[in-house]
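Okay, here's what each chain looks like letter by letter:
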Amino acid sequence: MIATSTLQQEPVVLPERSFGRIVRSVLGYGLLLGLMFISPLFVFVPAAVFACGVRNRRAATVLALAIATAVAALIAMQTAQGPSSTATDSLMGYAYLAALVLGVAVPALLVLPMVERSESFGRILVIALLASMAGLAATEAGTQLLTHFSPYREQVVRAHQTVEEFVVAYQKAGMPSDAVGTLRRWMDIGISCLPAFFLIDVALVFVLSVVMFGRLRAWRQFMATRQPTEAPTAAFLFRNLSLPDWLLFAFVAGGLTPLATGMLQKVAANVLAVVTFLYLLQGLAIFRSLLVAVGAGFMGVMFGYLLLIFLTITGIAPLLLSIAGLFDSFFDFRHFRRKDHSDESHPH
């Protein structure tokens, strides 16, 4: 019996994959990523990078990204030669592709070792966002250097045009001038926070991809062992999203926005917008974990989310969730105790 159990606990050595299978896998991932770059499936680009990296290692993933970039660039070139495409549209298309590669795919490649080690979901997300910020800045700088064209400035111009269209439409609808002026001021603030909105989009992309990758890895482990193995993938469940404590310093720095002026004020406002959104995500994770902790069934979960949607419409839920996410750095709401509390009856 002892010998049998010992043999059962020993890891099974998988046969080494042939060179041909690796080549086919890399080509397949390259084509898949290339199609993702030019379709709404770009939200799962990090998940595809993680899957390729775990399956084929990092060097092969770099090759797959190079193939994907070449495929997407060829398709973008064909689209740019269309009769209805202008020079500005073509440059924006190339800049969009560069932003996806440098702002999403490359950061996913950089955090791949953290994903392989199943590190904290929140830490992976924050590191990926910092890398994405550098990638988006490189896209802007590189595009200006090579083509003397600024994608960010073009986005600002288009945003102002959209604001003017909304203002004219509301004025024709008979909205009071005070309300129109307030709406214009809020839209102008939104335009100044465009970089934050870009990073918020990237944050959603990484959240969706990390959760999806965790589910895929759990499914593969189940297919291999025929037993549920949640422990290795529990870190990637959305309800376990926990941001690093040092993010509080970024929140404090962003909170100084009203005291700053000029460019410093814009930077602080963008930092505050991104960090507030991250704490909102953490608040949603806390809400999800509480539903799981109380054992809410299907109807209970549906009622909880319907209530959340109603409170979101009224504007209450985003505020409460952001506050919960912020103070989770001091109170571990998912375990109902202070993080610095030590219970001597439970040795560490």
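Quick caveat: nothing in here was measured; it's all calculated off a predicted structure.

Cut-offs and rules
Residues numbered from 1 in each chain as written. Predicted model: local features only at pLDDT ≥ 70, side-chain atom pairs only at ≥ 80, totals over all residues. Heavy atoms only, no water. Salt bridge = Lys/Arg side-chain N within 4 Å of Asp/Glu carboxyl O. Buried < 20%, exposed > 50% of the residue type's maximum accessible area, 1.4 Å probe, protein only. Helix = DSSP H or I, 4+ residues; strand = E, 2+ residues; numbered from the N terminus. Lys, Arg positive; Asp, Glu negative; His and termini not counted. Polar contact = N/O pair within 3.5 Å; in protein donor to acceptor, adjacent residues only side chain to side chain. Contact = heavy atoms within 4.5 Å. Phe/Tyr/Trp six-rings, centres within 6.5 Å; stacked < 30°, edge-to-face > 60°. pLDDT = per-residue confidence, 0-100. Expected span 1.5 Å × (residues − 1). Bend = angle between axes of the 7 residues up to and from the residue. Arc of directions from axis to C-beta. Patch = residues over 30% accessible without salt bridge, like charges linked within 9 Å, V, L, I, M, F, W, Y side chains within 5 Å. Areas by Shrake-Rupley, 256 points an atom, 1.4 Å probe, with all protein chains shown as cover. Charge placed at Lys NZ, Arg CZ, Asp CG, Glu CD.

## Brief notes about the pattern of salt bridges
It is possible for side chains of opposite charge to pair when their charged atoms get near one another.
Part 1 of the argument: Here the structure, examined in full by the defined rule, presents six salt bridges.
Part 2 of the argument: Among the ionic pairs, E119 bridges to R123, the shortest N-O distance being 2.5 Å.
Part 3 of the argument: For E119, a relative accessible area of 17% puts it in the buried group.
Part 4 of the argument: We note a salt bridge from R158 to E154, for which the minimum N-O separation is 2.9 Å. One end of the pair is R158 and the other is E154, both in helix α7 (residues 151-172) and four residues apart, which spans about a single turn.

## Things to note about the side chain of E140
Part 1 of the argument: Following the sequence through the fold, E140 ends up in helix α6 (residues 121-147).
Part 2 of the argument: R153 provides the closest opposite charge to the buried, salt-bridge-free E140, at an N-O distance of 5.8 Å.
Part 3 of the argument: Here the side chain of E140 touches Q144 through a polar contact of 2.5 Å, side chain to side chain.
Part 4 of the argument: When neighbours within four sequence positions are excluded, E140 is seen to be in contact with S150, P151 and Y152.

## Here we look at the packing of aromatic side chains
Each aromatic ring pair is characterised by the separation of its centres together with the angle its planes make.
Part 1 of the argument: Here the structure, examined in full by the defined rule, presents six aromatic pairs.
Part 2 of the argument: Ring geometry for F166 versus Y170: centroids 6.4 Å apart, planes at 25°, classification stacked. You can see F166 and its partner Y170 sitting in helix α7, four residues apart, about one turn around the helix.
Part 3 of the argument: Each ring, one from F213 and one from F236, has its centre 6.3 Å from the other, and the planes form 50°; the classification is tilted. You can see F213 sitting in helix α9 (residues 194-225) and its partner F236 sitting in the loop between α9 and α10 (247-254), a full 23 residues away along the chain. Comparing F213 with F236 shows no difference in burial state: the two are buried.

## Regarding the confidence of the model for the chain
Detailed reading of the predicted coordinates is not advisable wherever pLDDT is low.
Part 1 of the argument: Mean pLDDT over the chain works out to 84, with 88% of the residues at or above the 70 mark.
Part 2 of the argument: Mean pLDDT across the elements of the chain bottoms out in helix α1 (residues 2-9) (44) and peaks in α6 (94).
Part 3 of the argument: Within the model, pLDDT remains below 50 along residues 341-348, and this stretch shows zero contacts once partners closer than five positions in the same chain are excluded.

## Section: helix α3 (residues 45-80)
Part 1 of the argument: Compared with the 52 Å implied by 1.5 Å per residue over 36 residues, the 23 Å span of α3 between its first and last C-alpha is markedly short.
Part 2 of the argument: Along its length, α3 reaches its greatest deviation from straightness, about 125°, at R57.

## Notes on helix α13 (residues 316-327)
In an α-helix, one turn spans 3.6 residues; hence positions three or four apart end up facing the same way.
Part 1 of the argument: When the terminal C-alpha atoms of α13 are compared, their 17 Å separation across twelve residues agrees well with the 16 Å that a helix rising 1.5 Å per residue should span.
Part 2 of the argument: Regarding α13, the residues found buried are A317, L321, S322, G325 and L326. Considered in projection along α13, the buried side chains sweep an arc of 160° and stay on one side of the axis.
Part 3 of the argument: For α13, the secondary structure elements touched by its buried residues are α10, α11 (262-293) and α12 (298-313).

## Regarding a positive patch on the surface
Part 1 of the argument: A cluster of basic side chains, namely R21, R24, R55 and R220, defines a positive patch on the protein surface.
Part 2 of the argument: Among the secondary structure elements, R220 is positioned in helix α9.
Part 3 of the argument: Taking the relative accessible area as the measure of exposure, R220 reaches 41% and is therefore partly exposed.

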